[in-house]
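# Chain and residue survey
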Amino acid sequence: MSAASAIEMKIYRYDPDSGRDPVMERIRVQPGHHDKMVLDLLMRAKAEVDDSLSFRRSCREGVCGSDGMNINGKNRLACVTGIDEVDHPIVLRPLPGLPVVRDLIVDFTMFWKQYHSIRPYLVNDTIAPERERLQSPQERDVLNGLYECILCACCSTACPSYWWNPDKFVGPAGLLQAYRFMVDTRDTALAERLDNVDDAYRLFRCRTIMNCTDVCPKQLNPAAAIGRIRSLLVRRTI
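Read on for a plain summary of the structure. (Residues numbered from 1 in each chain as written. Predicted model: local features only at pLDDT ≥ 70, side-chain atom pairs only at ≥ 80, totals over all residues. Heavy atoms only, no water.)

Each helix and strand counted, the chain has 8 helices and 7 strands in total. With the C-alpha coordinates of the chain rotated into their principal frame, the extents come out at 65 × 40 × 30 Å. Evaluated residue by residue, the chain yields a buried proportion of 45% over its 238 residues. Within the chain, residue pairs in contact and separated by at least 24 positions form 62% of the contacts whose partners lie at least 6 positions apart. When the accessible area of the chain is evaluated, it comes to approximately 12,600 Å², of which 50% is carbon and sulfur surface. The distance from the centre of the 32 positive side-chain charges to the centre of the 31 negative ones in the chain is 3 Å. (Helix = DSSP H or I, 4+ residues; strand = E, 2+ residues; numbered from the N terminus. Buried < 20%, exposed > 50% of the residue type's maximum accessible area, 1.4 Å probe, protein only. Contact = heavy atoms within 4.5 Å. Areas by Shrake-Rupley, 256 points an atom, 1.4 Å probe, with all protein chains shown as cover. Lys, Arg positive; Asp, Glu negative; His and termini not counted. Charge placed at Lys NZ, Arg CZ, Asp CG, Glu CD.)

To continue, consider the side chain of Asp67. When you line up the elements, Asp67 lands in the loop between helix H1 (38-48) and strand S3 (68-71). Arg60 provides the closest opposite charge to the buried, salt-bridge-free Asp67, at an N-O distance of 7.8 Å. Side-chain polar atoms of Asp67 contact the backbone nitrogen of Cys79, separated by 2.6 Å. Discounting residues that sit within four places of it in the chain, Asp67 has contacts with Leu39, Arg56, Arg57, Arg76, Leu77, Ala78 and Cys79. (Salt bridge = Lys/Arg side-chain N within 4 Å of Asp/Glu carboxyl O. Polar contact = N/O pair within 3.5 Å; in protein donor to acceptor, adjacent residues only side chain to side chain.)

A few words now on the packing of aromatic side chains. Applying the stated rule across the entire model yields 3 aromatic pairs. Their ring planes at 70° and their centres at 5.8 Å tell us that Phe108 and Phe111 sit as a pair that is edge-to-face. Each member of the pair, Phe108 together with Phe111, is buried. Between the aromatic rings of Phe111 and Trp112, the centroid separation amounts to 5.3 Å while the plane-to-plane angle is 70°, which identifies the pairing as edge-to-face. Clustering of aromatic rings is evident, with ring pairs tying together Phe108, Phe111, Trp112 and Tyr115. The residue whose ring lies beneath Lys168 is Tyr201, and the NZ or CZ to ring-centre distance is 4.6 Å. The ring of Phe181 carries the charged tip of Arg180 above its face, separated from the ring centre by 4.1 Å. (Phe/Tyr/Trp six-rings, centres within 6.5 Å; stacked < 30°, edge-to-face > 60°. Lys NZ or Arg CZ within 6 Å of the ring centre and 35° of its normal.)

With mixed pairing, the 5 strands of this open sheet are ordered in space as S2-S1-S5-S3-S4. The strands lining the two open edges of the sheet, one partner per strand, are strand S2 (23-29) and strand S4 (74-77). Along the sheet, successive strands turn relative to each other by an average axial angle of 35°, direction set aside. The sheet contact formed by strand S1 (residues 7-13) and strand S5 (residues 90-93) spans 3 bridges and is parallel. In the sheet register, Met9 faces S5, and the bridge partner there is Ile90. In this fold H1 packs onto S1, S2, S3 and S5, with an angle of close to 75° to the strand it touches most, S1. (Pairing = 2+ DSSP bridges. Axes fitted to C-alpha atoms, helices over the stretch in contact; angles between N-to-C directions.)

Take the pairing of S3 next. With burial as the criterion, each face of S3 is covered, one bearing Gly68 and Asn70 and the other bearing Met69 and Ile71. Judged from the 4 bridges that link them, S3 and S4 form a sheet pairing that is antiparallel. Within S4, the position partnered with Asn70 by the bridge is Asn75. Here S3 folds back onto S4, and the loop between the two strands holds 2 residues, one of which, Asn72, carries a positive phi near 50°.

Taken across its 11 residues, helix H5 (residues 172-182) has 11 buried, putting it largely inside the fold. For H5, the full list of buried residues reads Pro172, Ala173, Gly174, Leu175, Leu176, Gln177, Ala178, Tyr179, Arg180, Phe181 and Met182. Against helix H2 (109-117), helix H6 (190-197), helix H7 (211-215) and helix H8 (222-237) lie the buried residues of H5.

Okay, the pattern of salt bridges next. Taken as a whole and assessed by the stated rule, the structure comprises 15 salt bridges. The salt bridge partner of Glu48 is Arg44, with a shortest N-O separation of 2.7 Å. With a gap of 4 residues between them, Glu48 and Arg44 both fall in helix H1, about one helical turn apart. Residue Asp184 pairs with Arg186 through a salt bridge whose shortest N-O separation is 2.7 Å.

Residues Ile90, Leu92 and Ile229 are the most contacted members of the largest nonpolar core, which totals 64 residues. Leave out the neighbours within four places in its chain, and Ile90 touches Ile7, Glu8, Met9, Lys10, Val38, Leu41, Ile71, Asn72 and Ile83. (Core = buried A, V, L, I, M, F, W, Y, C linked by side-chain atoms within 4.5 Å.)

Pasting the structure below:
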């Protein structure tokens, strides 16, 4: 492959141990024959250009969500973003709104705190059956579009309300999962779950600007789930 086919990337670089301010560094990478995704370029850059380049990745299949980053101004997964899908040079920054640990790695502490605050597991204190709690196909279908979330944080870190209030606003990812358990017929804690989010910040800080839905790599709709939680709250007060 000729040198003319090399691809230029502008990558956010930050090493807290260096004492220097963050910079946008230009790196040129010549892709291999099988390099199709932005993650392929990053891995080649780390292997062949600068082994100090830091980013998260795992499955490379859009399942684990670990390689979420801001690509050309939009939160995406690097492993499912094609090199030919984005303009060049490819500009890579860490997910916005979270503290940067190093380069493209961010600190998810607050994101996980908000996620765990909604009790993301079934709550049912009734006597358990011998094998499992059953659902009809129709009851199971209600969970479609909710359970597929991979917790990549692309949605929450695209939300200005989350940037401003990460310690108070649950965020799109957490609220999507809150609704997932609210409508699960095997769960018996609906009242407690609604009480948990019935707050000016935890739920109602959402301004429905739809950034969360726009960036979701699984084509889910957190904004719709948030609206349905609000409807549940309204209906229980009538």
